[in-house]
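Chains, contacts and geometry: an overview
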Amino acid sequence: MATNKDYYEILGLKKGASKAEIKSAYRKMALKYHPDKNKAADAESKFKEINEAYSVLSDDQKKSAYDQFGHAGVNGGAGGGNPFAGGFGGQQGPFTWSYTSGGGNPFADGGFDDAFDIFNQFFGGGFGQAQRRSQYRLSVDFMDAAKGGEQTVEVEGKKRKIKIPAGANTGTRLRFDDFDIIFEVEPHPEFKREGYDIFVDKKISFATAALGGDIIVPTLDKPIKIKVRPGTQSHTLMRLRGEGVTMLRGKGRGDLYVRMIVEVPEKLSNQQKKLLKELESLEN
């Protein structure tokens, strides 16, 4: 469950902190409260709060919405807030790390591949229950990551059949006997993913926006018909529950958000101009 605490306060920062300050504070706090090294009863919950705070404050769009609307701005609860900030990546379990698409990897600079590298560096080579293992990054198709799939690759001289679990994201790690596979999800030409939610832009005509009507929108499974309400404004979001990504290690699916982009015609016929002028006179 998302925290209601102030994200800046969680990281020991003041509002308006720079990206460098946010990244530095996150590194310090993550090292301090990681459950593998901090055995305090509240270490795990604090570590999750730290990751949640960083996933928002490290993303320019989410941070802007949070600064303006607070938690409502990043949870879709404020009218006019930032609906694209929903869904946090980062920590997906007390000992499993995966990166968010927005904030990226705060440990990337300075020669560290990921969070495991920096913990190994600080704590003498041992992380969790094993020494550092061989890691291989595998590029996977967007749809295979969202719905599950399979890919055959050659690892350490042997062909391996890699099963891609539904809900996998960039940074998701599969552990084998003697190596790890880390997924890197390829972008999609239409869909944008945030956690388990999917966002897609749909262009609609000026007339459809004003009068309402039916449109066909793409989903992860198949195109579906939805109704546009009369008077729809450009960039209005429509939420389709359960049409998002299958949840990794869980049940259910995220949501699909359709953003209506109203197209204003660049060239109008004389008849169209006449009708619009009549409409303008009625509005005045």
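See the structure above.
Residues numbered from 1 in each chain as written. Predicted model: local features only at pLDDT ≥ 70, side-chain atom pairs only at ≥ 80, totals over all residues. Heavy atoms only, no water.

1. Topic: the overall build of the protein
This is how it is decided: Put simply, DSSP H or I for four residues or longer makes a helix, DSSP E for two residues or longer makes a strand, and each gets a number counted from the N terminus. Working definition of accessibility: Shrake-Rupley area with a 1.4 Å probe, residue cover restricted to the visible protein chains.
Of the regular secondary structure elements, the protein holds 9 helices and 13 strands. Carbon and sulfur atoms provide 50% of the accessible area of the protein, an area that totals close to 16,000 Å².

2. Some details on the pattern of salt bridges
Definition in use: In the sections that follow, a salt bridge refers to a side-chain nitrogen of Lys or Arg positioned within 4 Å of a carboxyl oxygen of Asp or Glu. Only protein chains enter the calculation, and the probe is 1.4 Å; a residue is then buried if its accessible area is under 20% of its type maximum, exposed if over 50%, and partly exposed in between.
Summed over the entire model, instances satisfying the criterion amount to 16 salt bridges. As a salt-bridge pair, lysine 63 and aspartate 67 come within 3.2 Å of each other at their nearest N and O atoms. One end of the pair, lysine 63, and the other, aspartate 67, are both in helix H4 (residues 60–69), 4 residues apart, so they sit about a helical turn from each other. Relative accessible area serves as the criterion here: at 16%, lysine 63 is assigned to the buried category. The network of salt bridges with shared partners includes Lys62, Lys192 and Glu194.

3. A few points about a nonpolar patch on the surface
Quick reminder of the rule: A patch is a set of surface residues, each over 30% in relative accessible area and not in a salt bridge, joined within 9 Å for like charges and within 5 Å for the nonpolar side chains Val, Leu, Ile, Met, Phe, Trp and Tyr.
Where nonpolar side chains cluster on the molecular surface, the patch consists of Phe206, Val264, Leu276 and Leu279 and spans about 350 Å² of accessible area. By the element assignment, leucine 279 lies in helix H9 (residues 270–283). Residue class for leucine 279 comes out partly exposed when judged on its relative accessible area of 39%.

4. Focus: the sheet that holds strand E7 (residues 179–185)
For clarity, the cut-off: A pair of strands is treated as paired once DSSP finds two or more bridges between them. All axes are obtained by fitting lines to C-alpha atoms, using only the stretch in contact for helices, and the reported angles, taken between N-to-C directions, cover 0 to 180 degrees.
With mixed pairing, 3 strands are arranged side by side in an open sheet as E3-E7-E6. Each edge of the open sheet is held by one strand with a lone partner, namely strand E3 (134–140) and strand E6 (173–175). Taking each pair of neighbouring strands and ignoring which way they run, the sheet shows an average axis angle of 25 degrees. Here E3 pairs with E7 via 7 bridges, running parallel. In the strand pairing of E7, serine 139 is matched with glutamate 184.

5. Here we look at the environment of proline 187
When you line up the elements, proline 187 lands in the loop between E7 and strand E8 (192–194). We classify proline 187 as exposed; its relative accessible area is 75%. Taking the C-alpha atoms as reference points, proline 187 and phenylalanine 142, separated by 45 residues in sequence, lie 6.2 Å from one another.

6. Overview of the environment of glutamate 150
What counts is decided by this rule: We call two residues in contact whenever any of their non-hydrogen atoms come within 4.5 Å of each other.
As for its placement among the helices and strands, glutamate 150 is situated in strand E4 (residues 149–155). Sequence-wise, glutamate 150 and proline 165 are 15 residues apart; in three dimensions their C-alpha atoms are separated by 8.5 Å. The residues touching glutamate 150, leaving out its near neighbours within four places in the chain, are Lys161, Ile162, Lys163 and Ile164.

7. Considerations on helix H2 (residues 19–33)
We apply this condition: The length a helix should cover is 1.5 Å for every residue beyond the first.
Here H2 contains 15 residues, and its C-alpha end-to-end distance of 21 Å stays within 8% of the 21 Å for a straight helix at 1.5 Å per residue. Every buried residue of H2 is listed here: Ile22, Ala25, Tyr26, Met29, Ala30, Leu31 and Tyr33.

8. Some thoughts on the packing of H2 against helix H3 (residues 43–57)
Definition in use: Any angle that is under 35 degrees is reported as roughly parallel, and any over 145 degrees as roughly antiparallel; angles of 65 to 115 degrees are reported as roughly perpendicular and all others as oblique. Whether a crossing is left-handed or right-handed is set by the direction in which the near helix is turned from the far one by less than a right angle, anticlockwise for left-handed and clockwise for right-handed. Three classes are used, and their members are as follows: Ala, Val, Leu, Ile, Met, Phe, Trp, Tyr, Cys and Pro are nonpolar, Asp, Glu, Lys and Arg are charged, and the others, Gly among them, are polar.
The geometry of H2 relative to H3 is characterised by a closest axis approach of 9 Å and an angle of 165 degrees between their N-to-C directions. Taken together, the axis directions place H2 and H3 in an arrangement best described as roughly antiparallel. H3 is crossed by H2, and the crossing has left-handed handedness. Along its contact with H2, which presents Ile22, Lys23, Tyr26, Met29, Ala30 and Tyr33, the element H3 presents Ala43, Lys46, Phe47, Ile50, Asn51, Tyr54 and Leu57. Residues that form the contact of H2 with H3 fall into these classes: 10 nonpolar, 1 polar and 2 charged.

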